[in-house]
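Here is what each chain is made of, one letter per residue.
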Amino acid sequence: MTPKERIDSVLDGGTNIPSIPIISPYFLNLSLNKDKELSNFHLNLYERYKPDLITLIHENVSLEIETLKILERKIKDTYITVALDCPISYLSAIDDNFMINLYLKKEEIHSKMDNYVEYLKENIGIIIENEGIPFLGDPTAPFIGPKMYEEFGILYLKKIFKFIKSYGAPVFLHICGELTPIIDQLKKLDIDVLSFEDSLGVVGALDCVLMGNIKPKDMLNDCIDSKINQVIKNKGKQHIIATGCELLPNTPEKNIIKLINSRVDYD
């Protein structure tokens, strides 16, 4: 079974368990700022580990897209996802007063959200047209509270997800941190895959494929086998074994291989 077939099976309700270590240049303390450098980095990882999904993560979206174009020509059996910031997380990263302005300057924030959504749509279209899958990250979501997430998160994510699905592509959403406070809000979204770090409480609470439950810091330890087995035992429905964020520098290669080899094919 190829990685694409394994992912497709899970998205279609199958019981296979793909495995994905999320690896970026940060893993090796590298600063890669050219598309050929970043594509060679991921090609080497692909040849070495054969993950079930490749995730491009870089602060420069244009660089991610150019790297996707190179990889798409060379890798045919594995989906490539491209990391993009959700509106809340993007604006909070560039505005030190974002949390305060959610209360004091609502109209201004909504206007900025609308503009950013249009920017996202443009990049999402390019990514999908080049055989990539948008991988939307919203690490700020758990910190603004359910009420504000309803107004400034869910409203715009619905628009973005609808746009993605208009292409027939799946929706991947990544959120770090504790998800319990915003579970009710997440239930309102049409998510295909929810990537998270370590929150077994969401198992069974959301009607989507769950991806994660392996903390990057756990990948530094010799006890990773027991953690992986625990996740598989308690996985509930469709699940992708994955790190909840990027691997940390100095992660032992033997643990990466253990994670990769934890994939299970039932179909």
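Everything numeric in this text was worked out from a predicted model, so none of it was measured. (Residues numbered from 1 in each chain as written. Predicted model: local features only at pLDDT ≥ 70, side-chain atom pairs only at ≥ 80, totals over all residues. Heavy atoms only, no water.)

A word on the sheet that holds strand β8 (residues 239–243)
Rules: We call two strands paired when DSSP finds no fewer than two bridges between them. To qualify as a helix, a DSSP run of H or I must reach at least 4 residues; to qualify as a strand, a run of E must reach at least 2; elements of each kind are numbered from the N terminus. The contact criterion used is simple: two residues touch if any of their non-hydrogen atoms lie within 4.5 Å. Angles shown run from 0 to 180 degrees and are taken between the N-to-C directions of axes, each axis being a line fitted to C-alpha atoms and, for helices, limited to the stretch in contact.
In space, the eight strands of this open sheet follow the order β1-β8-β7-β6-β5-β4-β3-β2, with parallel pairing throughout. Lying at the two open borders of the sheet, with one neighbouring strand each, are β1 (19–20) and β2 (54–56). Two strands pair when backbone bridges link them, and strand β6 (residues 193–196) and strand β7 (residues 209–214) are joined in this way by four bridges, in the parallel orientation. Of the residues in β7, the one forming a bridge with S195 is M211. On the sheet, helix α7 (residues 145–165) packs against β4 (132–137) and β5 (172–175) and is oriented at approximately 180° with respect to β4.

Side note on a nonpolar patch on the surface
Stated formally: Surface patches are defined over residues having more than 30% relative accessible area and no salt bridge, joining like charges when they lie within 9 Å and nonpolar side chains (Val, Leu, Ile, Met, Phe, Trp, Tyr) when within 5 Å. Reported accessibility uses the Shrake-Rupley method at a 1.4 Å probe radius. Residues are deemed covered only where the shown protein chains occlude them. Whenever a carboxyl oxygen of Asp or Glu lies within 4 Å of a side-chain nitrogen of Lys or Arg, that contact is scored as a salt bridge. The cut-offs for exposure are 20% and 50% of the maximum accessible area for each residue type, with area from a 1.4 Å probe on protein chains only; residues under the lower value are buried, those over the upper are exposed, and the others partly exposed.
A contiguous nonpolar surface patch, about 370 Å² in accessible area, is contributed by I100, Y103 and L104. If you trace the backbone, L104 turns up in helix α5 (residues 98–104). Residue class for L104 comes out exposed when judged on its relative accessible area of 65%.

So, the pairing of β4
Under the convention used in this document: A crossover gets the label right-handed when its path from the first strand over the helix to the second runs clockwise, viewed with the strands pointing away from the viewer.
Counting buried positions along β4 yields six of six residues, so the element is predominantly enclosed. Going residue by residue along β4, you find G132, P134 and L136 tucked away on one face and I133, F135 and G137 tucked away on the opposite face as well. Pairing geometry for strand β3 (residues 80–85) and β4, over six bridges, is parallel. Looking across to β4, one finds that I80 is bridged to G132. A crossover connection joins β4 to the parallel β5 through α7; in handedness this β-α-β unit is right-handed.

Side note on the pairing of β6
Burial along β6 is two-sided: the residues V193 and S195 and L194 and F196 are all buried. Examined bridge by bridge, β5 and β6 share four bridges and lie parallel to one another. Each bridged residue has a counterpart across the sheet, and for H174 the counterpart in β6 is S195.

Brief notes about the packing of helix α6 (residues 106–129) against α7
To keep things clear, this is the line we draw: Roughly parallel means an angle under 35 degrees; roughly antiparallel, over 145; roughly perpendicular, 65 to 115; everything else is oblique. For any pair of crossing helices, the crossing counts as left-handed if the nearer helix is rotated counterclockwise from the farther one by less than a right angle, and right-handed if it is rotated clockwise. Residues are grouped as follows: Ala, Val, Leu, Ile, Met, Phe, Trp, Tyr, Cys and Pro are nonpolar; Asp, Glu, Lys and Arg are charged; every other residue, Gly included, is polar.
Two numbers describe how α6 lies on α7: the axes approach to 10 Å, and their chain directions differ by 25°. Of the possible angle classes, the one that applies to α6 and α7 is roughly parallel. The two elements α6 and α7 cross, and the hand of that crossing is right-handed. Facing α6, whose interface residues are K106, I109, H110, M113, D114, V117, L120, K121, I124, G125 and I128, α7 presents M148, E151, F152, L155, Y156, K159, I160, F163 and I164. When the residues that make up the contact of α6 with α7 are grouped by side-chain class, the tally is 13 nonpolar, two polar and five charged.

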